[in-house]
Amino acid sequence: MPPTYRNPKQIGGIFIAKLIVTEKPSVAMSYAKVLGVHGRQDGYLEGSGYIVSWCVGHLVELAPPSAYGEQYVEWSITDLPILPQKWQYLVSASTKKQFSVLKKLMHRADVDTVVNSCDSGREGELIFRYLYEYIGCATPFDRLWISSLTDKAIREGLERIESGNKYDNLYYAAQARSEADWLVGINGTQALSVAAGRGTYSVGRVQTPTLAMVCKRFWENRRFTPEPVHQLHFTTSSVSVNEVVKFSSMEKWKNKEEATTLYNKVKEQMCATIVKVEKKEKVENPPLLYDLTTLQKEANTKHGFTAEQTLELVQKLYEAKLVTYP
């Protein structure tokens, strides 16, 4: 049976519907199954008093510099920095069809509530809010927040839907991140490319400092000059068990003669005195569940997967309800 979240009601002979907007088509199918929605239409499903539709990633995005004036079509150092007083948005050509579907659904007279069911996170919040505001939707919206696509998780999430306004601060944080990326990327890329005089040199809030760290480490490795060091090693038979105990000096010497002198002293005496023993108890907590970053690191180390390959695999597992949202 479908959950009891605001069961469909009838006003003046018209059934009032709830519009549920997900981030991906596959997720929409999972919601539709739980809600008993089987009527497949072009870009959405409808039935049982519900309409389930989906975004295709970012339907609405920040517009490029050319949207702020013809002078920004060609790159010029005199036009920098580009600091929009009022942000402009656009719908990419590849997503216009689904955008039109959602626009019509959000303005339907029989829809009394829109439910933001995009992924539970900052980016999912941004995807829905940009769409909602760009369309100019005035219908109240709620927020469905779940981290698993099992039928049970969906049912429980539908029963505890909250007002969308509760997540305003998350949206503001996502919006600030998006606009900061635009400002750094657009201005930095143009400034560096114009200064270089040829080619395009991409600059980004995350990619550039990350690339700088990689390059720094690369040059440290290339410029490293190995120096030989000398360390004392000796072994002795264990008194209590039939094993050989190995010892190594904590100190290392660049001067081989100094290390050799000390080694000969130990060899001459054929004995060593233990002057200090330390014993410590260490409490080690069980490892936490994987987050996406940790999983990407381990998948790369053990299997050579790229971060993108791991993300794609985890997404497929998530849609198959084998893992929770990473």
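Up top you'll find the structure we're talking about.
Structural notes, computed from the coordinates. Note that the structure is a prediction, hence the values are computed from the model and not measured. (Residues numbered from 1 in each chain as written. Predicted model: local features only at pLDDT ≥ 70, side-chain atom pairs only at ≥ 80, totals over all residues. Heavy atoms only, no water.)

Here the focus is the overall build of the protein chain. Looking only at helices and strands, the protein chain has nine helices and twelve strands in total. The C-alpha atoms of the protein chain give a radius of gyration of 31 Å, which is well past the 20 Å a tight globule of 326 residues would have. Over its C-alpha atoms, taken along the principal directions, the protein chain stretches across nearly 105 × 60 × 30 Å. A burial count over the protein chain gives 34% of its 326 residues as buried. Partitioning the contacts of the protein chain with sequence separation of at least 6, the portion at a separation of at least 24 is 66%. Averaging the positions of the 40 positive and the 36 negative side-chain charges in the protein chain gives two centres separated by 3 Å. (Helix = DSSP H or I, 4+ residues; strand = E, 2+ residues; numbered from the N terminus. Rg over C-alpha atoms; globule rule 2.2 N^0.38 Å. Buried < 20%, exposed > 50% of the residue type's maximum accessible area, 1.4 Å probe, protein only. Contact = heavy atoms within 4.5 Å. Lys, Arg positive; Asp, Glu negative; His and termini not counted. Charge placed at Lys NZ, Arg CZ, Asp CG, Glu CD.)

A separate point is the pairing of strand β5 (residues 50-54). Of all five residues that make up β5, five are buried, and the element is covered over most of its length. Neither face of β5 is open: one carries Tyr50, Val52 and Trp54, the other Ile51 and Ser53, and all of them are buried. In terms of strand pairing, strand β4 (residues 44-47) meets β5 through four bridges, oriented antiparallel. Bridge pairing in β5 links leucine 45 to valine 52. Count of turn residues in the β4/β5 antiparallel hairpin: two residues, of which serine 48 carries a positive phi of about 60°. (Pairing = 2+ DSSP bridges.)

What follows concerns the nonpolar core. Leu19, Val21, Cys55, Met106, Val114, Phe128 and Leu131 are the most contacted members of the largest nonpolar core, which totals 35 residues. When contributions to this core are tallied by element, the ones reaching two or more residues are β2 (14-22), β6 (60-62), α2 (96-106), β8 (111-117), α3 (122-135) and α5 (168-196). Per-element accounting of this core gives the leading share, seven residues, to α3. Non-local contacts of valine 114, meaning those with residues more than four positions away in its chain, are made with Leu19, Val21, Met106, Phe128, Cys137, Thr139, Pro140, Phe141 and Asp142. Val52, Trp54, Leu144 and Leu149 belong to the second largest nonpolar core, which has 20 residues in total. (Core = buried A, V, L, I, M, F, W, Y, C linked by side-chain atoms within 4.5 Å.)

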